[in-house]
Amino acid sequence: MSFEWPWQYNFPPFFTLQPNVDTRQKQLAAWCSLALSYCRHHKLYTLDVMEAQESPVFNNKKIERKLSMEAIQVVFEELRKKGNLEWLDKNKSRCLVMWRRPEEWGKLIYQWVSKNGMVNSVFTLYELSNGDDTEGEEFHGLEEWMLLRSLQALQTEGRAEIITMDDGKGVKFF
């Protein structure tokens, strides 16, 4: 299934930050939505700021427009404010993208556990994110850092406990 670009993507002014405050807010909301949708579609969890400008999401070769580095930083800052992005370094050159927040992933995982009658079961992290049983689930292939954060959210709610096992970490669901 190919990624569906929003109509704004082929509209040249979309690639220039607008000076009007109301217009800029709508534009930033559209850019945030586009960036998160693109990352979700391609299951991207980390982005490099320098590479972002050449990425199809910020560079429309068909209309020969690309978002400036300054504008990309503004979009990333907006995503950070919304809780969808976290910087990996002080220089703000690499970031984690959370197109679904840890609590949302935790909810999905717990629904799967409940639906399959696996409450009170223990899983390794590998089984949850890469096991045969989870194939076809949205959280299949979830990167370990996000899986751990999701399980920590469930642990806070009293629905799971992260445990240390001989060969790594695991989790027990309640």
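In the annotation of an unreviewed UniProt entry, the protein chain is listed under the name Vacuolar protein-sorting-associated protein 25 and assigned to Xyrichtys novacula. As its UniProt record puts it under Subcellular location (unreviewed entry), the protein chain is described as follows: "Cytoplasm". What the UniProt record of the protein chain gives under Sequence similarities (unreviewed entry) is the line "Belongs to the VPS25 family."

Undergrad: Honestly, the packing of aromatic side chains in this entry has me stumped. Any pointers?
TA: The description of an aromatic ring pair rests on the distance of the ring centres and on the angle between the ring planes. Inspection of every chain in the model, using the stated rule, returns 19 aromatic pairs. Through a chain of ring-to-ring contacts, three or more aromatic side chains come together here, namely Phe 3, Trp 5, Tyr 9, Phe 14, Phe 15, Trp 31, Tyr 38, Phe 58, Phe 76 and Trp 87. For the cation-ring pair, Arg 100 lies above Trp 105, with the distance from its terminal atom to the ring centre recorded as 5.0 Å. Across from the ring centre of Tyr 110, 4.6 Å away, lies the NZ or CZ of Arg 159, which sits over that ring.

Undergrad: Sorry if this is basic, but what is going on with the environment of Val 97 here?
TA: Inspection of the secondary structure puts Val 97 in strand S5 (residues 94–97). Distance in space between the C-alpha atoms of Val 97 and Phe 76 is 9.3 Å, their sequence separation being 21 residues. Every residue in contact with Val 97, bar those within four places of it in the chain, is listed here: Leu 36, Cys 39, Leu 44, Tyr 45, Leu 47, Asn 84 and Trp 145.

Undergrad: Can you help me understand the pattern of salt bridges in this one?
TA: Opposite charge on two side chains makes pairing possible when the charged atoms of those side chains draw close. According to the stated counting rule, one finds 7 salt bridges in the structure shown. Two residues, Glu 77 and Arg 80, come together in a salt bridge whose shortest N-O distance is 2.5 Å. Residue Glu 77 and its partner Arg 80 are both found in helix H3 (residues 69–81); the two are separated by 3 residues, about one turn of the helix. For Arg 80, a relative accessible area of 36% translates into the label partly exposed. One salt bridge in this structure joins Arg 100 and Glu 138, with 2.8 Å as the shortest N-O distance. Placement of Arg 100 in the loop between S5 and helix H4 (102–115) and of Glu 138 in the loop between helix H5 (125–130) and helix H6 (144–156) is noted, with a sequence separation of 38 residues between them. Here Arg 100 falls in the buried class, since its relative accessible area comes to 13%. When salt bridges that share partners are traced, they join Arg 40, Arg 100 and Glu 138 into one network.

Reading guide: rules and limits
- Residues numbered from 1 in each chain as written.
- Predicted model: local features only at pLDDT ≥ 70, side-chain atom pairs only at ≥ 80, totals over all residues.
- Heavy atoms only, no water.
- UniProt positions renumbered as here; feature names shortened; annotations may be inferred.
- Phe/Tyr/Trp six-rings, centres within 6.5 Å; stacked < 30°, edge-to-face > 60°.
- Lys NZ or Arg CZ within 6 Å of the ring centre and 35° of its normal.
- Helix = DSSP H or I, 4+ residues; strand = E, 2+ residues; numbered from the N terminus.
- Contact = heavy atoms within 4.5 Å.
- Salt bridge = Lys/Arg side-chain N within 4 Å of Asp/Glu carboxyl O.
- Buried < 20%, exposed > 50% of the residue type's maximum accessible area, 1.4 Å probe, protein only.

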